[in-house]
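A closer look at the structure
Each chain, written out:
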Amino acid sequence: MKIAVLPGDGIGPEIVRQAVKVIERLKADGLAVETATAPIGGAGYEAAGDPLPDATLELARGADAILLGAVGGPKFDTLDRPLRPEQGLLRIRKALGLFTNLRPAMVYEELADASSLRPELVAGLDIMILRELTGDIYFGSPRGRRTLDNGEREGFDTMKYSESEIRRIAHVGFAIARRRGKKLCSVDKANVLDTSILWREVVNEVAREYPDVELSHMYVDNAAMQLVRAPKQFDVIVTGNIFGDILSDEASMLTGSIGMLPSASLDANNKGLYEPIHGSAPDIAGRDIANPLATILSVAMMLRYTFANEAAATRIESAVRKVLRDGVRTGDIAKPGERTVGTEQMGDAVVAALGAQR
Ligand code: NAD
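Residues numbered from 1 in each chain as written. Predicted model: local features only at pLDDT ≥ 70, side-chain atom pairs only at ≥ 80, totals over all residues. Heavy atoms only, no water.

What follows is about the nonpolar core. Most often, soluble globular proteins keep nonpolar side chains buried together rather than apart. If you look at the biggest cluster of nonpolar residues, it comprises 65 residues, and the most contacted ones within it are Leu102, Phe174, Leu293, Leu303, Ile316 and Val320. When residues in this core are grouped by element, the largest group, 9 residues, is from helix H10 (residues 293-305). Both domain 1 (1-99 + 267-358) and domain 2 (106-132 + 160-256) contribute no fewer than three residues apiece to this core. Setting aside residues no more than four positions away along its own chain, Phe174 makes contact with Leu184, Val203, Val206, Ala207, Tyr210, Val213 and Leu215. The next biggest cluster of nonpolar side chains, apart from the first, holds 21 residues, and it includes Ala123, Cys185, Val187 and Phe243. (Core = buried A, V, L, I, M, F, W, Y, C linked by side-chain atoms within 4.5 Å. Buried < 20%, exposed > 50% of the residue type's maximum accessible area, 1.4 Å probe, protein only. Helix = DSSP H or I, 4+ residues; strand = E, 2+ residues; numbered from the N terminus. Domains from an automatic or database assignment. Contact = heavy atoms within 4.5 Å.)

Okay, here's the thing in structure tokens:
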């Protein structure tokens, strides 16, 4: 198993270093993986004049999974658009055909106070949101601007999904629900949109192959409301690109700690790119204070979804849980006055907790 490690910019290298320590620790216990590192984003631009250097893309293509830190930073903001760090990310996702975005929203009991919702509403929350990543109104054509006969300007986009696009994300949704709480909620706007009527039809057809998974449908406006009213009612949510964009951000904020949340983008064969949901945090880069747990938990997702190694994934998640239970906190998840540790120390604490499991 090969992992391409792309640290990127800002806090990327610091947090990825901690995740690599975790991988090394699992290797010592027998996990058969190899890692190789390459630059992406601003680091790619500085190394090779391209946010996605050819050598980096080649490494990623040859790997089974990719671990990414984050890209971007103020010193790259003035570059021409094709040279900007985020282009590296968009291009690698496209080049690798990563059409499913998996965004868990989890709240550890110990951190329930960090949410803007009451702790009892979110303590123990564990939702998985699947967002289709390569279709919908973000990619549909025609799109553009025109001037109407009366001289008024008009902007337009096209929402569309083909049957096969819906079918493949629905299959992923059911398969993931099957491994979790066996409940899938498909979110659409079928009371208004023809695209959504087809979406619902196709999801219902796919459901016949998964009789053990309980399927429900919800309109997106209601889903947005239910996520803040009673988020624990959800297990897995599957939805299109634009609804997923909005709902996954809403759900991640339920947890109140951006430094804790991993994500995955998968292709049709479960090859995946794994990364924390946060950015490169240039405001704290290089100071050894960033929280590396989202990146470490991204490795757990990698082990579960690409390498089908549930045992190793659970080991990492249990180690993180133990560290939190022991009161180890980086600044972003500490309460006022609580003692904090740095990025390296947090990584070391997780490695030590892994060691203590054996
Ligand atoms: P950000 O997520 O980098 O930071 C938002 C806030 O959260 C900052 O105050 C930051 O210090 C804090 N934060 C983020 N991650 C943290 C962590 N692990 N530990 C502790 N605190 C953390 O978002 P931003 O400030 O809007 O963007 C900064 C740069 O990152 C920009 O260049 C942006 O384009 C880029 N970005 C990249 C990605 C990505 O690589 N996937 C995603 C979002 C933003």
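There is more to say, and it comes next.
Remember that side chains alternate between the two faces of the sheet whenever the strand is regular. Neither face of strand E10 (residues 236-239) is open: one carries Val236 and Val238, the other Ile237 and Thr239, and all of them are buried. The sheet contact formed by strand E5 (residues 126-132) and E10 spans 4 bridges and is parallel. For Leu130, the partnering residue across the bridge sits in E10 and is Val238. Sheet topology note: the strand E8 (residues 183-188)/E10 ladder contains 4 bridges and is parallel. Residue pairing across strands places Cys185 opposite Ile237, the latter belonging to E10. (Pairing = 2+ DSSP bridges.)

Not every one of the 19 residues close to the ligand is listed here, only the nearest: Val71, Gly279, Ala281, Asp283 and Asn291. The separation between an oxygen atom of the ligand and a polar main-chain atom of Ser280 is 3.1 Å. Ala281 has a polar backbone atom sitting 2.8 Å from an oxygen atom of the ligand. (Near = heavy atom within 4 Å. Polar contact = N/O pair within 3.5 Å; in protein donor to acceptor, adjacent residues only side chain to side chain.)

Strand order in this open sheet of 10 strands is E2-E1-E3-E12-E11-E4-E5-E10-E8-E9, and the pairing throughout is mixed. With partners counted over all chains shown, the strands left at the sheet margins are strand E2 (34-37) and strand E9 (214-219), one partner each. Neighbouring strand axes in the sheet, compared pairwise and without regard to direction, differ in orientation by 20° on average. Pairing of strand E4 (residues 100-106) with E5, which is carried by 7 bridges, proceeds in the antiparallel orientation. Paired with Asn101 across the strands is Arg131, a residue of E5. Across the sheet, helix H4 (residues 85-95) lies against strand E1 (2-8), strand E3 (65-70), strand E11 (262-266) and strand E12 (272-276), angled at about 150° from E12, the strand it touches most. (Axes fitted to C-alpha atoms, helices over the stretch in contact; angles between N-to-C directions.)

What follows deals with the domain arrangement of the protein. With domains assigned, the protein is organised as domain 1 (1-99 + 267-358) and domain 2 (106-132 + 160-256). Its C-alpha centre places domain 1 at a distance of 25 Å from the equivalent point of domain 2. Both faces combined, the contact of domain 1 with domain 2 buries some 1200 Å², and carbon together with sulfur accounts for 63% of it. Per-residue buried area on domain 1 facing domain 2 is highest for Phe99, Tyr305 and Arg321; these three make up 48% of the total on that side. Between domain 1 and domain 2 we count 1 salt bridge in total. Asp113 is paired through a salt bridge with Lys335; the nearest N and O atoms lie 3.3 Å apart. On the surface where domain 1 and domain 2 come into contact, there are 2 residue pairs in polar contact (both at pLDDT 80 or more). For the side of domain 1 that touches domain 2, the secondary-structure elements that each account for two or more residues are H10 and helix H11 (310-325). (Buried area = accessible area lost by both parts, 1.4 Å probe. Salt bridge = Lys/Arg side-chain N within 4 Å of Asp/Glu carboxyl O.)

Position of Asn309 relative to the elements: it lies in the loop between H10 and H11. Judged by its relative accessible area of 22%, Asn309 is partly exposed. Remark: the alpha-carbon pair of Asn309 and Leu31, spanning 278 residues in sequence, is separated by 9.6 Å.

All told, the structure shown has 2 aromatic pairs when counted by the stated rule. Ring centres of Tyr161 and Trp199 lie 5.3 Å apart, and the angle between their planes is 55°; on these two criteria the pair is classed as tilted. Here Tyr161 is found in the loop between strand E7 (153-156) and helix H6 (163-179), whereas its partner Trp199 is found in helix H7 (residues 194-207), with 38 residues between them in sequence. A residue is classified by how much of its surface remains accessible, and Tyr161, at 8% relative accessible area, is buried. We classify Trp199 as buried; its relative accessible area is 4%. We note Arg146 situated over the ring of Phe156; from NZ or CZ to the ring centre the distance is 3.9 Å. Note that Arg168 overlies the ring of Phe99, its terminal NZ or CZ placed 3.9 Å from the centroid. (Phe/Tyr/Trp six-rings, centres within 6.5 Å; stacked < 30°, edge-to-face > 60°. Lys NZ or Arg CZ within 6 Å of the ring centre and 35° of its normal.)

In this structure, Ser115 sits in the loop between E4 and helix H5 (119-122). Note on Ser115: relative accessible area 9%, which makes it buried. Side-chain polar atoms of Ser115 contact the backbone nitrogen of Leu117, separated by 3.0 Å. With sequence-adjacent residues up to four places away left out, Ser115 is seen in contact with Val122, Leu254, Thr255 and Gly256.

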